[in-house]
Each structure stands twice: as structure tokens, then as C-alpha cells.
Amino acid sequence: MDLKKTLSESVIYNYYGVKPEGEIQSREVKKSPSARVAKTRQMYFETKSSASVEFPYWYTRRWDELEGEIPIVRRAEALKAGFEHITPAIFPGELLVIGKAHYLRGSYPMPWLSEAFFMAQEDEMYKDALEAGKVSADKVTTIGQGGGNVTQSVGNVISLAGKFGFRKEEMPILLHIAKKWFNKSVDDVGHKYEQLVPGYKEKEEIMRAVICMFDSGYTLPQGREVMNYYYPLQYGIEGIKNICKEKLKQTAGYPDMDRLYFYKAVHTMLEGLQSWINNHAEETKLMASLEEDEKNKTEYLEIAERLYWLANNPPRTFHDALQMVWIFHVAVLNEDAISGLSPGRLGQVLYPFWKRDMEKGLLTLEKTHELLECMRMKFTELDCFASMGVVGGVLSGNTFNNLCIGGLTKDGESAANELEILILDSAMTCATPQPTLSLLYDEKLPEEFLLKGVECTKIGTGYPAWVNNRVAMEFLLNNFKNEGLDIEEARAWSIGGCLETSAGSWMPLELDGVTHYIPGGSAPATSVGVHFISLPKVLEAVLFDGLDKRTGRRVYPSHGYKLESYDEIWKAFKEYFSLTVEVLTLTNNIQHDVWGKISPSIINSMLKPDCLEKGKDISKKGSRYNRTFNVEICGGVNLVNSLSSIKKNVFEEKNFSMDTLKTVIIENFGYISASETGAYSLTEQMKTTDYRTWLKIHKQCLDAPKYGNDDKYVDDIFKEWQKWFSVMCENYASLYNEPLYSCQISVSTHGPMGAVTLATADGRLSGTTFADGSVSAYPGTDKNGPYALFSSATCYNHALSQNSQLNMKIHPSVIQGREGARKFLELIKAYLRKGGFHVQFNIVDSRMLKDAQKNPDKYRGLMVRVAGFTQYWVELGKQIQDEVIARTEYAEI
């Protein structure tokens, strides 16, 4: 085999415009955090992700003690025990305190959700789990080898899920706890009952083939939603307890007794939170007693006083309010395995407190900025404990806490404010992955506000993402009108997770006798149901009559078509895809029902309108809006490009036969598989000695019309797919008997899903990563510039789906200076005005990324935008790194 020649030498060119020459160009703007936060960030860089057994030990112990108790009350008591026994930890220099665990980057397993994946090799009873389809994604996922990831066991530290360090002496405790949840966890009980679904056999084969990335009922049952901080900000914890006491009196002995148990559970849970907060206050007092520096001692005492106050009362100041928000954000994260718990439009929620403090002279711009930087560090320290397939293959180690700015007020005016400007400023000086930012673009937003957003994007953070406010509102009005959502309420929306449109509500916060309507989430997880279907893999199954040629296993029953026409291929694809959605919907409905019975949300339910009013948790439709189950896909552009190639080459121009196409797919067009080379982009693949046998066919596949060039031939296929997909989702019902809707994001799934997919008819090679997002062009194939890409991307109505996702990479030289910023803003506006829902950018010289891949130690703080989120380069798996490098770099716009 010829290891010297790669595909990039002759076929793919991943620049639009003049290829950059000379030295690697750095990003235009470089800013630094305050001295306090610079130390905190350095401490973070030197810290590894760590898991603790503390919370699950006390949770399980209390759960066992309450055998026979009402399930939701039992759950509340178990959570209370967990919170009460978290060892408090206060780190030097913090102005906001409290974390998930006592480690800086701490998390913990939740065996009541799933105990098998980290036990599979440790005990005989779990060996069957190794053969289950649900672990297939773990085997094909790469995880970042640098940064805070603990990828290998060393000495006294065991690596869990390829990311978390776990003390060896705690492993016997973890094994002991896990065994207690055997056949009792959400995973195990759900698995028991999902086997009753008639299509369960196909479901397991779909999971083994990694046509679906993971189940949603026990992996990440909450998240991809927006927090609502109204109740603790308005009433404080003791005030909410008093509401529960009154509700207990009103419901005890009356019909619908579940309300009684819900209020009892909330009251119990709040007692646990009070102990948790007070324990940290005590620890802070201890720190003060040991501190010799008077300034530090004073800070510790102020933190302690603040925590004692907030354990009972509503916030008095902006600093109080920010700390209260953080307390409840972490509290929700600690009750479930959650990714994508978004703070929402936090600058608008906290604005009344900030404006009052500024007017009274209690706060300065400098102090505000420092507090916001501290907030960024706390969000960045968050970790989500899950399997390698989820942590690496979906999340890329990210937790997707999306803070939104802009949008409209309740009355339809610009919602942008001065605090949101400071949020943008702090995101530039303290450039960290969390919280990511999304700017809800509307024509009513001030130009200077938009230019500030551009300035932030230009420094290379990858945020803010730019999201179309009007398209989101149209989607919400179309899908939630039956639950009473109107135009005024639609304006309260925000992004949940990386890019999931989530319904919100306006809540009446009273401060100093004035009512301020603040936005907050009023729907549960907006991205549960069917998690990531690999469209190219489904098409592969069509071409091979239901077989997974990689494993030799039958996934689908034979479709019976001879594939003698394009229409037959399209029909067979729709049948296989529909079967996939059907069986996954039914099995996931069971998993989520079991989750609601074994591990119902209590804290998050209490916060969401209208659970506290109704006396129902979110699993019982207590939320105001409940149509939140969706169907997520991956690899849509590769599907469409492949259909375009098949239609053009096989059936219209007859360049080769269907049998020949299947042969070259198996032969990988004469190239070595990415699984062998360890290179995952099309530009870095190595040829075998017989590649010339397939060279002509490969070129014909590559030359077939490609999405992203304003080419009607392929864009019509894309449009047909989009319309059909959005409509077909409504044929399936969620656990709550609400129709599903379509969701189009890739997160990081295009890496591992590409890894298990053979070569495709568009010329992509075996094992290489799919196109990212949902309307991003496949790297190197968008040859006609950004405006042609925009035309292709908006050939359908984006409001048909919960989202769409467009990623672009622009060379820093293109948007330099004030004029470059204005040109950049006009580019963004052009796309959103055409009806695009979302666009986000990497402002980077690709040569820098290649150097960072070779020399990661030089780039510990380098961040890139992946697909709806920003992450440190060194913490990304190589599948995603290669794909980001390969994206078309625009040297002209």
C-alpha cells in the first residue's frame, strides 16, 4: 500500500478564496480575565475530572431504609440524604461557591439510573451487558487525550468512562452500591419492559449497528431545557416551604392524592438543600478562622453570611441573586444525569437586581464584571457523569449550559440590556467553554448590541451563536398552540442545551413594589425521545437489503426491492427510517415512564411552571408545556449528497451500476479504512495499491451535485427530505400522547456514527466523520461561497423543525477591524433574513488547529466551536478534531 499519497493531494480543497500563506495568523482580539479569575482558571487547567461515591452511597443507604414508602417521597428522602452528606469544599478566590461534589471538577455515578456500564467488567452478573446494543457506541468513540480527561488508569486512580478519575479504594463501595440497584435501576426495569415491544429485536440490532446513538430514558433523562429561577428569587427557600405547607393542608385527604405526596417530597427536598447550603456556610466560616490575610478573611465571612441568608430567604442584592441562581442550578444537576441545563436569558432575569444595586451605588461595573467571570468558571467546572459513548461521542465532555441574550420582551420590544453587554464582555475576558452564549437575533435589537456580539465571536470563542428569534417563535406557535401558547408567551423562549428551542413563560418578579416580568423555562427536557439516527447508515442498510455489512448482522427485515430505480431507493429508505423511529419511540416511552416512577424530578419540577401550582412533577405533565419529545438525526447532508450521486450516476447518466456501487462501497474506493489509519477526515485518507481500479468511479461520486452550492438538483432532494421528515415525526406519539417533532443537530455524534459507516455514494470514505450540524456543507464541497451555502440551507422552512444548525469557519484576516466587523454582521444578517435558524463560527487559521493537534501542550486554552457548543481543543476526540480541521475555511466573504 502507498502510505505517502493521500486523497487531499488531488481531490479535496478546503479553502474558499485565497489560501492563507506565511505565518499562522492568530485571532484578532486577545483579552485577559481579572487577576482573581486568572488564578481560578489556571487551577481549573491543572485539575482532572473526578468522580466521587459520596452522594450515591448516602442516597442508596437512605433509599434502602425506606422500603415501602411512597416512591416520590422515598426519592426525596434519598436525595436529601445525598445533599446533607456532600463534603463542602470552598476553593481559594471564589466569589460564587458550591459545586456538584467536593472536587473542583467533580461528579458522581447515579446507579439508580444505570449501574451496568461501569460494572460490566467487574462482576459476573454484568457480563451480559457487554453484549447489549446500548454499549456499541462506547466502542467506536474517541475521547480527548488532553486537558482534564482521565483517559487511563494510573496508580491509585481508575479511569471511568474514559474521562473521570476515581479513587481505587472507593471502587468496592461503588460495586456494592451498584449491586443494590441490579434489576431495580431505570435502565434495568426499562429494559425488562421494553422487550415487550413487538419491534424490540430490531431495536437491539439498531443499537448494535449504532444507527441510533443511545437510549434517552436512563442516560440523560433531563436537560436540553431552560431553568426557571423565579420561585427562589421571589420567595426564597423558606417561602417555598411555606407554599408547600399550605398546599399540604389543601390536598390531604382530597381526591388526586398524588398532589399531597408531591408537596411532601418538595418540602423534604428543600430541607436537604438548606442543610447543604448551611454546611458550606460553616465550611466558609472555618476557612475564615484559618485565614491570616484580612481581605481574604472578610471575603470568607461575607460568603458565609450570604449562604446563611439564602438558606432561608430571597436574595437582597445582585450578588445574592447570582449565588441563588447558581445554588439551584447545581441542585437540579445533582438530582439526575443531565446535559444541556441552560440558564436561559439570565441577563434579563437578574437585570432588576443589578439595575437597583447600580442605582443605589451598591455595585460597580468592575465588580459586576468580576462576578460574571466567576460565574463563567463555575459553569465551566461542571461535569456530567455518563458512559464514554455519551460523554465522548455526544457531549465531547461538554455540558451545554446555554445562556441566551437579546430576543424580545413580553411587550415585543428589544430585550437587550446593559447587563447583557457585560455578559458579552466577561465572555471575552474569561474565555471558557461554559456557559456558551446564543444571541436571539431580531430586527429590533440595537446595532451596537449586535456589533458587541460580533466582537465576541471574532475573538475565537465560537460564541455567541446567532439564532433567529422569529423562526423559533413560529416553531413554538405551531407546536404548542394546543397547550395555550400565544404570541406573548412565545417571546419568552430560550435555547435549552446546545440548540433546542424551548418554550418559556413570563414570571412576575416583584422587587421594591415594582413588578418585572422575567423569562424562564416552562417545559421539561426538550430533547428526549429518539436520540440521533444515523441517516447514512440507514441508507447503507437499504443498499444491502437490511444487513450491517460491518458486522454481518441483520438489522432490518429484507425490504424486497430490486433497487432498479431511484424511487425504489427512496421508498425503501423511508420504510427503514420509519421502522427505526417507531421502535425507538415505543421503547423510549417505556424507559421514560419507568424513570418517572423510579427517579422522578423533584427540584426541577418545583421550579417549572406550573408543577407547584398543579401538585404534579414533570413526568405527570405538571409543566405548562409538554410537547417536548423529538426525533434527532445525524448525517443528513451526507444522505442527501449520496442520494444525489445515486440518482445522477446510477439512474440518469448510468456511469456505473448499483452492483458496482455496492462493490466500491465495500472496497472503500480503494482506500484504507479510517479505523486503521486513525485519521477521520476525508482529506487525510491513505490509498491502497489498487485504488486506481476505483479512481474513476470515486471521482464521479465526488463530482456529483453537492449540497451547499445553490444547485437546484441536489437542493430539491434536500428539500424533499426535510418536508417528509418533519411531517412523518407527527405520526408518532410521546409518553404524554403528544406528537413528536423533528430535531436537527449533530452535537458530536457525527464522529462515532461516521466511524461505523462504510463508504458512501457521495465519495466519503469508510469510518470518516459525517458533515456536522444539519445544514453545514460536507467539508470541502461548498465551492461557491457563503451566499450559495445560505441559499441551499434555506431551501426549506426552518420553522418546520425544532432547530437547524450551520457551522462555518472563517479566517481571522477576513473580518479584522471595525469594517471587518460590519461586513461580518451583514453576512450574519443575510443568512438570518433568508430564514436560517442558526449559524455559528470558528474564527481560526486551520494551520493553528493542525499545529495544536501535533503540539497540544502549547494550546491548553485553545477553544473551538463544534456543533452547538464550544470546547477546549485538547479535550476533543480525534474524530471531531479532524472534522473541524477539514471544514471549509472561508478566506473571503
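Residues numbered from 1 in each chain as written. Predicted model: local features only at pLDDT ≥ 70, side-chain atom pairs only at ≥ 80, totals over all residues. Heavy atoms only, no water.

(A) Structural context of the overall build of the chain. Each helix and strand counted, the chain has 33 helices and 26 strands in total. Compactness check: the chain gives a C-alpha radius of gyration of 26 Å against a globular reference of 29 Å for 893 residues, within 12% of the reference. By the burial criterion, 68% of the 893 residues in the chain qualify as buried. Intrachain contacts of the chain at a sequence separation of at least 6 include 78% that bridge at least 24 residues. A total accessible area of about 29200 Å² is found for the chain, and carbon and sulfur atoms account for 50% of it. Across the chain, 101 positive and 114 negative side-chain charges occur, with their mean positions spaced 2 Å apart. (Helix = DSSP H or I, 4+ residues; strand = E, 2+ residues; numbered from the N terminus. Rg over C-alpha atoms; globule rule 2.2 N^0.38 Å. Buried < 20%, exposed > 50% of the residue type's maximum accessible area, 1.4 Å probe, protein only. Contact = heavy atoms within 4.5 Å. Areas by Shrake-Rupley, 256 points an atom, 1.4 Å probe, with all protein chains shown as cover. Lys, Arg positive; Asp, Glu negative; His and termini not counted. Charge placed at Lys NZ, Arg CZ, Asp CG, Glu CD.)

(B) Fine view of the pairing of strand β22 (residues 807-810). Neither face of β22 is exposed, since N807 and K809 on one face and M808 and I810 on the opposite face are all buried. With 4 bridges connecting them, β22 and strand β23 (residues 838-843) associate as parallel partners. If you follow N807 over to β23, its bridge partner there is Q840. Handedness of the crossover is the feature at issue here: the chain leaves β22, passes through helix α31 (residues 817-833), returns alongside β23, and the resulting connection is right-handed. (Pairing = 2+ DSSP bridges. Right-handed = clockwise from strand over helix to strand, strands pointing away.)

(C) Geometry of the pattern of salt bridges. Scanning all chains against the criterion turns up 58 salt bridges. A salt bridge links D357 to R356, with the nearest nitrogen and oxygen atoms 4.0 Å apart. As far as the burial class goes, D357 and R356 line up, both buried. Notably, a salt bridge pairs R624 with D610, separated by 2.8 Å at the nearest N-O pair. You can see R624 sitting in the loop between α23 (611-614) and β19 (629-634) and its partner D610 sitting in the loop between α22 (603-607) and α23, a full 14 residues away along the chain. Connected through shared salt-bridge partners, K31, D425, K452 and E455 make up one network. (Salt bridge = Lys/Arg side-chain N within 4 Å of Asp/Glu carboxyl O.)

(D) The sheet that holds strand β21 (residues 741-743), seen in detail. In spatial order, the strands read β16-β19-β21; together these 3 strands make up an open sheet with parallel pairing. The open sheet is flanked by β16 (528-534) and β21, the only strands paired with a single partner. Recorded for the sheet is a direction-independent mean angle of 25° between the axes of neighbouring strands. Examined bridge by bridge, β16 and β19 share 5 bridges and lie parallel to one another. (Axes fitted to C-alpha atoms, helices over the stretch in contact; angles between N-to-C directions.)

(E) Main features of the side chain of E94. If you trace the backbone, E94 turns up in the loop between α3 (71-84) and β4 (106-107). Look at E94 and you get buried, because its relative accessible area is 7%. Among the polar contacts made by the side chain of E94, one reaches the side chain of K378 at a distance of 2.7 Å. Residues contacting E94, with those up to four places away along its chain left out, are I303, K378 and E381. (Polar contact = N/O pair within 3.5 Å; in protein donor to acceptor, adjacent residues only side chain to side chain.)

Without other data, these values stay purely geometric and don't point to any function.
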